[in-house]
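Each chain is listed here by its residues.
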Amino acid sequence: MQSNPALEYDYSIAKLFLFATIAFGIVGLLLGVVIAFQMAFPDLNYLAGEFGTFGRLRPLHTNGIIYGFTLSGIWTAWYYLGQRVLKISYNEHTFLKVIGLLHFWVYIVLMALAVVSLFAGMSQSKEYSELVWPLDLLVVVVWVLWGVSLFGSMGVRREQTIYISLWYFIATFVAISALYIFNNLSIPTYLVSGVGSLWHSISLYAGTNDAMVQWWFGHNAVAFVFTSGIIGVIYYFLPKESGQPIFSYKLTLFSFWGLMFVYIWAGSHHLIYSTVPDWMQTMGSIFSVVLILPSWGTAVNMLLTMKGQWHQLKESPLIKFLLLAST
């Protein structure tokens, strides 16, 4: 039986997301520096009228770094390593390539509209979730396109084992899907009353309930974008770059499921000494402490992957960054 010829991977979509990662990283970090100086020197708030104030620029910074820089990096990694660990190529799956390109361009349109709307002061006043309701709908479209790419690629895979990096990508997709939709359920006021701005909406929740749902989402935007997605990236590139196998598969299982079950309930630690019920504040605090276990489990697993190979730190800048991120 003739063996399959070597796959020619298609990195064109990964390159597009890589360019976006670099662009959003530069702009997002620059905005961070500007607003940091504004806190130290308040007069800097008035250099560009209402468009240069801290209140206008901070949402641009947070959205640019979380949903621009970080998500673009995760999607760069997905469109690069997804093919390799699943043993497929977009050259042989036209549908998946079209979905990937559509994912990128709809995402870029969304981010451009986000920049314009946030600069204009259009916001629904929820941290890490400021975008007005029409853009929330576009976020769902972008996220579904990634889901089609993610699970579609797994559906045609040659490699039956789902590598650990993809576990973390799946976790990011599933968790943010539920969290984002529930946090952004709102009523467009103009469509209901015929009064006011078309872009304005009010949350489906009120008061304390709104705060609880917001920080259920807000904290887990950190958990399932900054954390789980990036861990997935490291689990591929650290062994690949170092030539070392992951130290412990059992520790990987413990850390993954620990993170999934514990992290999602920690958000109420943002609401200490508020009108949120005491039991929920206590639960959020306890679960935040328990997070030491899966967090350290992941870090230890990655550090011990380099056991006996620490000399590579001197030789590889990539390993330096990966281990710093792990720690």
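For the structure itself, consult the block above.
Every value quoted in this text rests on a predicted model; they were computed, and no experiment measured them. (Residues numbered from 1 in each chain as written. Predicted model: local features only at pLDDT ≥ 70, side-chain atom pairs only at ≥ 80, totals over all residues. Heavy atoms only, no water.)

> Honestly, the overall build of the protein chain in this entry has me stumped. Any pointers?
A count of helical and extended segments in the protein chain gives 12 helices and two strands. When the helices and strands of the protein chain are placed in sequence order, the string is α-α-α-α-α-β-α-β-α-α-α-α-α-α. The globule rule puts the C-alpha radius of gyration for 327 residues at 20 Å, and the 21 Å found for the protein chain is close to it. The buried share of the protein chain, reckoned over its 327 residues, is 46%. (Helix = DSSP H or I, 4+ residues; strand = E, 2+ residues; numbered from the N terminus. Rg over C-alpha atoms; globule rule 2.2 N^0.38 Å. Buried < 20%, exposed > 50% of the residue type's maximum accessible area, 1.4 Å probe, protein only.)

> Would you take a moment to explain the pattern of salt bridges for this structure?
It is possible for side chains bearing opposite charge to pair when their charged atoms get close. Tallying each qualifying case throughout the model produces five salt bridges. Salt-bridge contacts for Arg56 lead to Glu50; the nearest nitrogen and oxygen are separated by 2.8 Å. The exposure class of Glu50 is partly exposed, given its relative accessible area of 46%. The residue Asp210 makes a salt bridge to Lys126 at a minimum N-O spacing of 3.0 Å. Taken together, the positions of Asp210 in helix H7 (residues 207-242) and Lys126 in the loop between helix H3 (94-119) and helix H4 (133-155) put the pair 84 residues apart, joining distant regions of the chain. (Salt bridge = Lys/Arg side-chain N within 4 Å of Asp/Glu carboxyl O.)

> Can you help me understand empty space enclosed by the protein in this one?
Any space left empty among the atoms is revealed by the rolling of a water-sized probe across them. On inspection of all chains with the given rule, the structure shows one cavity of 30 Å³ or more. As a volume, the largest cavity reaches approximately 210 Å³. Within the residue set of the lining of the largest cavity, elements represented by two or more residues are helix H2 (54-86), H3, H4 and helix H5 (164-183). (1 Å grid on protein atoms, 1.4 Å probe; cavity = no way out; pocket = protein on both sides within 12 Å on 5 of 7 lines; lining within 4 Å. Points joined across faces, edges and corners; volume = space filled by probe spheres on them.)

> Sorry, what's going on with unusual backbone geometry here?
Most peptide bonds take the trans configuration, and most residues that are not glycine carry a negative phi. A positive phi is found at Lys87, a non-glycine position, where the angle reads about 60 degrees. Structurally, Lys87 can be placed in the loop between H2 and H3. What makes Lys87 partly exposed here is its relative accessible area of 35%. Although it is not a glycine, Tyr128 adopts a positive phi angle of roughly 65 degrees. Relative to the helices and strands, Tyr128 is located in the loop between H3 and H4.

> Teacher, can you tell me more about the layout of surface pockets here?
Volume-wise, the largest pocket comes out at about 570 Å³. Around the largest pocket, the lining comprises 16 residues; the ones closest to its centre are Phe69, Gly73, Ile230, Val233 and Leu322. At the level of elements, H2, H7 and helix H12 (317-326) are the ones that each hand at least two residues to the lining of the largest pocket. In terms of residue count, H2 provides more of the lining of the largest pocket than any other element does, seven residues in total. Class assignment of the residues belonging to the lining of the largest pocket gives a composition of 13 nonpolar, three polar and no charged. Put simply, the second largest pocket is a space of about 250 Å³. Thr227, Ile231, Ser295, Ala325 and Ser326 are the residues nearest the centre of the second largest pocket, which is lined by 15 residues in total. (Nonpolar A, V, L, I, M, F, W, Y, C, P; charged D, E, K, R; others polar.)

> It is not clear to me how the packing of aromatic side chains should be interpreted in this structure. Could you clarify?
Between two aromatic rings, the relevant description is the distance of the centres plus the angle of the planes. Summed over the entire model, instances satisfying the criterion amount to 30 aromatic pairs. When the centroid spacing of 6.2 Å and the interplanar angle of 15 degrees are considered together, the rings of Phe37 and Phe41 count as stacked. Given a relative accessible area of 49%, Phe41 falls into the partly exposed group. Taken together, a centroid distance of 4.9 Å and an interplanar angle of 85 degrees make the contact between Phe256 and Trp257 edge-to-face. Looking at Phe256, the relative accessible area reads 5%, which means it is buried. Looking at Trp257, the relative accessible area reads 44%, which means it is partly exposed. (Phe/Tyr/Trp six-rings, centres within 6.5 Å; stacked < 30°, edge-to-face > 60°.)

> Sorry, what's going on with the environment of Ile88 here?
With respect to the helices, strands and loops of the structure, Ile88 is situated in the loop between H2 and H3. The spatial distance from the C-alpha of Ile88 to the C-alpha of Asn63 is 33 Å, given a sequence separation of 25 residues. Sequence-distant contacts of Ile88, defined by excluding residues within four places in its chain, comprise Leu7, Tyr9, Gln83, His93, Leu96, Ser153, Val156, Arg157 and Arg158. (Contact = heavy atoms within 4.5 Å.)

> Just to check I follow, could you spell out helix H1 (residues 12-40) for this structure?
Because each turn of an α-helix spans 3.6 residues, side chains separated by three or four positions in sequence point in the same direction. Taking 1.5 Å as the rise per residue, H1 with 29 residues should run 42 Å; its terminal C-alpha atoms sit 43 Å apart, in good agreement. Looking at H1, one finds that the buried residues are Ile13, Ala14, Phe17, Ala20, Thr21, Phe24, Gly25, Gly28, Leu31, Gly32, Ile35 and Gln38. Contact partners of the buried residues in H1: H2 and H3. (Expected span 1.5 Å × (residues − 1).)

> Help me understand the environment of Phe119 in this model?
Note that Phe119 resides in helix H3. Judged by its relative accessible area of 32%, Phe119 falls in the partly exposed class. For Phe119 and Asp136, which are 17 residues apart along the polypeptide, the C-alpha to C-alpha distance reads 17 Å. Excluding residues that lie within four positions of it along the chain, Phe119 makes contacts with Phe51, Arg56, Leu57 and Leu60.

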